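Descriptive structure summary
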Amino acid sequence: MGYTQTDGLFFTRSSTYLRILMVNLLRSPSVSSSRFGTVTGLWRQESPYDRRAVKTGIVHFGPGRFFRGHLAYIIHNYLAQKGSQEQRWGICGVSLKSQRTITRLKPQRFLYTLTKHSSCAQNREEAEVIGSIREIVDGREKCEYVLEKMASPSVHLVTLTITQSGYHLDKSFNLDTANEDIAHDRQNPSTPTTAIGFIVEALRRRRDRNMTPFTTLSCDNLPRNGEILRKAVLAYADSIDPQLAEYIRDNAAFPNTVVDRIVPGEQESDCKYPSRLLQVRDRDPIVTEPFWQFVVEDNFTGDRPGWEDTGVIMTKDITPFLYMKSRFLNAVHSFIACLAVRAGIEYMHEAIALPEFQLFARLLMDDIAAATPVPRQMCEQYMEQVLLRLSNEDLPDTTERISSETTRKVGKYIFPILQDAYSRNVSMKRIVLPVAAWLLAVREGASESGAPYHAKDTQSAITAIQEGAVISGILGLENCEHTEIVDNECHQALRDIQIHGLLTALKNYSEGGLLNETVSA
């Protein structure tokens with residue numbers, strides 16, 4: 001199929017050459033604040049490579065927490081593994097919005113600590129200093145500097161983690177040309193303010209200087225993110241210079257990627273890990289899980305890191321990985337959160353710890369696997385990891401946060417599963433039940449215990465649900481045979497939860513041979 005696996009599973013092991021301090025929680029000593037050093041001082045003492053020799057080969061837009069826990073971490077491992085042989089892939093980060101990361105990391109020369117933390121891992125805590133980011137700059141303040149950096153011969157990759165809003169897309173994932181930032185850039189293409197504008201202007205400069213275009217790599221959680229980015233870039237370029245759009249269409253590359261790592265939002269407790277594990281103060285530490293995955297279509301215009309040596313999966317066909325990530329992580333994450341908010345459970349790991357939730361989730365994933373056009377063996381390898389990762393009590397994540405924007409997630413992740421279940425004669429019952437539980441919580445504004453639940457969703461969706469809408473209604477779907485079946489299953493699930501209660505419904509839906517039940521039945 002053209003992909004590379006690591007140890008038969010889609011995860012990587014810790015690198016032995018990095019300075020990692022592993023601490024048994026039962027015997028970790030307290031450290032006097034007078035003994036705390038600096039991140040830069042620790043790097044000088046025990047760095048895995050010489051940052052002074054590292055050149056900028058990557059310009060990255062959106063240097064937030066996920067980027068620092070994912071791509072910057074991967075590049076750091078690559079630089080450390082390759083040593084003096086391969087020092088061309090340092091990162092210049094570009095922030096177009098908040099300058100908080102710059103303010104915090106600049107005094108540390110953009111070094112920071114990353115702690116892998118898991119109650120499920122053999123080595124519960126591992127900490128290290130990450131050195132792959134050479135600088136982070138304010139793109140709006142230093143527009144020309146960024147453009148010239150992107151147009152320099154040493155830069156081969158432009159990468160992005162700017163969230164869906166940063167692409168300025170409409171509901172159909174097309175460029176929103178009416179957006180005021182995009183409108184500004186169209187009027188002032190040489191002084192852009194958006195990532196799309198920067199990419200197009202830098203590609204224009206490279207074209208005019210007879211340089212190979214860089215490869216642009218979206219690392220955001222969008223379906224076929226490279227294709228979406230390419231379409232937005234071409235639409236923008238065509239609106240200002242059709243010949244430039246034709247050049248980009250014929251010469252530039254926008255590979256699709258799948259990115260995966262849970263990097264929670266900032267917690268007050270984050271700072272305790274570098275101080276306890278490494279005896280340093282860190283102004284902006286990252287705490288994350290051990291697991292990571294990065295799948296990249298092998299479609300580049302020029303040079304690229306040989307990062308498959310560090311566990312990155314390079315493939316010609318990204319489709320099965322898109323299915324697995326969106327269905328067994330994104331959808332299952334949402335499914336469990338939907339059930340948990342109805343049950344009044346605050347944290348994801350608390351929900352998964354309940355026997356009723358765990359059994360239901362495992363059978364639910366079997367249903368999803370039966371509805372997914374991916375080899376069963378690949379699904380099973382991924383499925384084994386999911387519940388383990390989501391049960392990590394050392395990285396608590398609230399069910400309220402995960403259940404936000406559920407309407408969008410139903411349309412993006414869940415309804416495609418239902419469509420495939422219909423076409424493959426797989427029962428929809430378990431797939432629909434979590435959505436029904438969430439609908440009840442929104443409709444009643446409360447969990448089963450009576451605790452208030454305030455859905456974070458569009459007002460139009462909340463209003464529709466409160467007026468009795470089910471799945472096709474909140475998604476605005478046309479009435480047809482499979483939407484009728486979905487809605488009928490949703491009505492039945494709503495009744496079952498109301499009559500029997502959620503935990504009993506979970507138990508009933510985990511029994512009775514539902515796995516082999518067909519849609520027609």
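Whatever comes next refers back to the structure up there.
The present account deals with the structure reproduced in this document. (Residues numbered from 1 in each chain as written. Predicted model: local features only at pLDDT ≥ 70, side-chain atom pairs only at ≥ 80, totals over all residues. Heavy atoms only, no water.)

The sheet built from three strands is open, its strands ordered β10-β13-β14 with mixed pairing. For this open sheet the edge positions go to β10 (257-260) and β14 (313-315), each flanked by a neighbour on one side alone. Sheet twist, expressed as the mean angle between neighbouring strand axes with direction ignored, is 15 degrees. As judged from the four bridges shared by β10 and strand β13 (residues 293-297), these two strands associate in the antiparallel manner. For Val-259, the partnering residue across the bridge sits in β13 and is Phe-294. (Pairing = 2+ DSSP bridges. Helix = DSSP H or I, 4+ residues; strand = E, 2+ residues; numbered from the N terminus. Axes fitted to C-alpha atoms, helices over the stretch in contact; angles between N-to-C directions.)

Okay, the environment of Ala-361 next. One can find Ala-361 in helix α13 (residues 355-371). Considering only alpha carbons, one finds Ala-361 and Arg-140, 221 residues apart in sequence, at a separation of 46 Å. Not counting residues within four places of it along the chain, the set of residues in contact with Ala-361 comprises Ile-336 and Leu-387. (Contact = heavy atoms within 4.5 Å.)

Glancing now at the sheet that holds strand β8 (residues 157-160). If you walk across this open sheet you meet the five strands as β7-β4-β3-β8-β9, and the pairing is parallel. Edge strands, defined here as strands with exactly one partner in the open sheet, are β7 (133-138) and β9 (215-218). Taking the axes of each pair of neighbouring strands and ignoring which way they run, one obtains an average angle of 20 degrees across the sheet. Across five bridges, strand β3 (residues 56-61) lies against strand β4 (residues 90-95) in parallel orientation. When the bridges of β4 are listed, Phe-61 appears paired with Val-94. Here helix α5 (residues 143-150) sits on the sheet in contact with β3, β4, β7 and β8, set at roughly 130 degrees to β3. Packing against the sheet, helix α7 (residues 195-208) makes contact with β3, β8 and β9, and its axis sits at approximately 170 degrees to β8.

A few words now on the packing of helix α16 (residues 406-423) against helix α20 (residues 481-500). Look at α16 against α20: their axes get within 10 Å of each other, and the N-to-C directions meet at 110 degrees. Here α16 lies roughly perpendicular to α20, going by the angle between them. In the crossing of α16 with α20, the sense of the turn from one axis to the other is right-handed. Packed against α16, whose contacting residues are Phe-415, Leu-418, Gln-419 and Tyr-422, the element α20 presents Glu-481, His-482, Thr-483, Ile-485 and Val-486 at the interface. (Parallel < 35°, antiparallel > 145°, perpendicular 65-115°, else oblique. Left-handed = near helix turned anticlockwise from the far one by under 90°.)

As a further point, take the side chain of Ser-404. Position of Ser-404 among the secondary structure elements: in the loop between α15 (399-402) and α16. On the basis of relative accessible area, Ser-404 is assigned to the buried category, the value being 16%. Apart from residues no more than four positions distant in its own chain, Ser-404 is found in contact with Lys-409 and Lys-456. (Buried < 20%, exposed > 50% of the residue type's maximum accessible area, 1.4 Å probe, protein only.)

What sets the pattern is the α-helix's 3.6 residues per turn: residues three or four places apart point alike. Listed as buried for helix α9 (residues 242-251) are Leu-244, Ala-245, Tyr-247 and Ile-248. For α9, the angular spread of buried residues about the axis comes to 160 degrees, placing them on one side. Seen from the open side of α9, the exposed residues pointing more than 90 degrees away from its buried face are Pro-242, Gln-243 and Asp-250. In this structure Asp-241 caps α9, since a side-chain oxygen of it lies 3.1 Å from the backbone nitrogen of Gln-243. (Arc of directions from axis to C-beta. Polar contact = N/O pair within 3.5 Å; in protein donor to acceptor, adjacent residues only side chain to side chain.)

Next up on the list: the packing of α5 against α7. The contact between α5 and α7 brings their axes to 9 Å, and the two run at 55 degrees. The pairing of α5 with α7 is recorded here as oblique in orientation. As α5 packs across α7, the resulting crossing turns out to be right-handed. Judged by residue contacts, Cys-143, Glu-144, Val-146, Leu-147, Glu-148 and Met-150 of α5 engage Phe-198, Ile-199, Glu-201, Ala-202, Arg-205 and Arg-206 from α7. Here the contact of α5 with α7 is built from residues that sort into seven nonpolar, no polar and five charged. (Nonpolar A, V, L, I, M, F, W, Y, C, P; charged D, E, K, R; others polar.)

Let us now look at the pairing of β13. By the criterion of burial, β13 is predominantly enclosed, with five of the five residues buried. Burial of β13 is two-sided: the residues Gln-293, Val-295 and Glu-297 facing one way and the residues Phe-294 and Val-296 facing the other way are all buried. Here β13 runs beside β14; their pairing, made up of three bridges, is parallel. By the bridge assignment for β14, Glu-297 is matched with Thr-315.

Once their charged atoms are close, side chains differing in charge can pair, the charge on each being opposite to the other. Counted according to the given criterion, the structure contains 33 salt bridges. Here Arg-104 and Glu-266 are joined by a salt bridge, their closest N and O atoms 2.9 Å apart. Note that Arg-104 is positioned in helix α4 (residues 100-105) and Glu-266 in the loop between β10 and α10 (272-278), a separation of 162 residues in sequence. Residue classification places Glu-266 among the partly exposed residues on the basis of a relative accessible area of 42%. Linking Asp-366 and Arg-376 is a salt bridge whose minimum nitrogen-to-oxygen distance equals 2.9 Å. Within this pair, whereas Asp-366 is found in helix α13, its partner Arg-376 is found in helix α14 (residues 376-390), the two being separated by 10 residues in sequence. One continuous salt-bridge network, built from bridges that share partners, spans Glu-144, Glu-148, Glu-201, Arg-204, Arg-205, Arg-207, Asp-208 and Arg-209. (Salt bridge = Lys/Arg side-chain N within 4 Å of Asp/Glu carboxyl O.)

Mapping Thr-215 onto the fold places it in strand β9. Within the structure, the side chain of Thr-215 is placed 2.9 Å from the backbone nitrogen of Thr-301, a separation counted as a polar contact. Sequence-distant contacts of Thr-215, defined by excluding residues within four places in its chain, comprise His-156, Leu-157, Val-158, Ala-253, Pro-255, Asn-299, Phe-300, Thr-301 and Gly-302.

Considering all chains together, one arrives at three aromatic pairs under this definition. Both rings, one in Phe-294 and one in Trp-307, keep their centres 5.4 Å apart while their planes meet at 70 degrees; by these two values the pair is edge-to-face. Taken together, the residues Phe-294 in strand β13 and Trp-307 in the loop between β13 and β14 connect sequence positions 13 residues apart. Taking relative accessible area as the criterion, Phe-294 reaches 1% and is therefore assigned buried. Overall, the relative accessible area of 0% leaves Trp-307 in the buried class. Over the ring of Phe-300 we find Arg-304; its NZ or CZ atom is 5.7 Å from the centre of that ring. (Phe/Tyr/Trp six-rings, centres within 6.5 Å; stacked < 30°, edge-to-face > 60°. Lys NZ or Arg CZ within 6 Å of the ring centre and 35° of its normal.)

The values are spatial; any link to function lies outside them.
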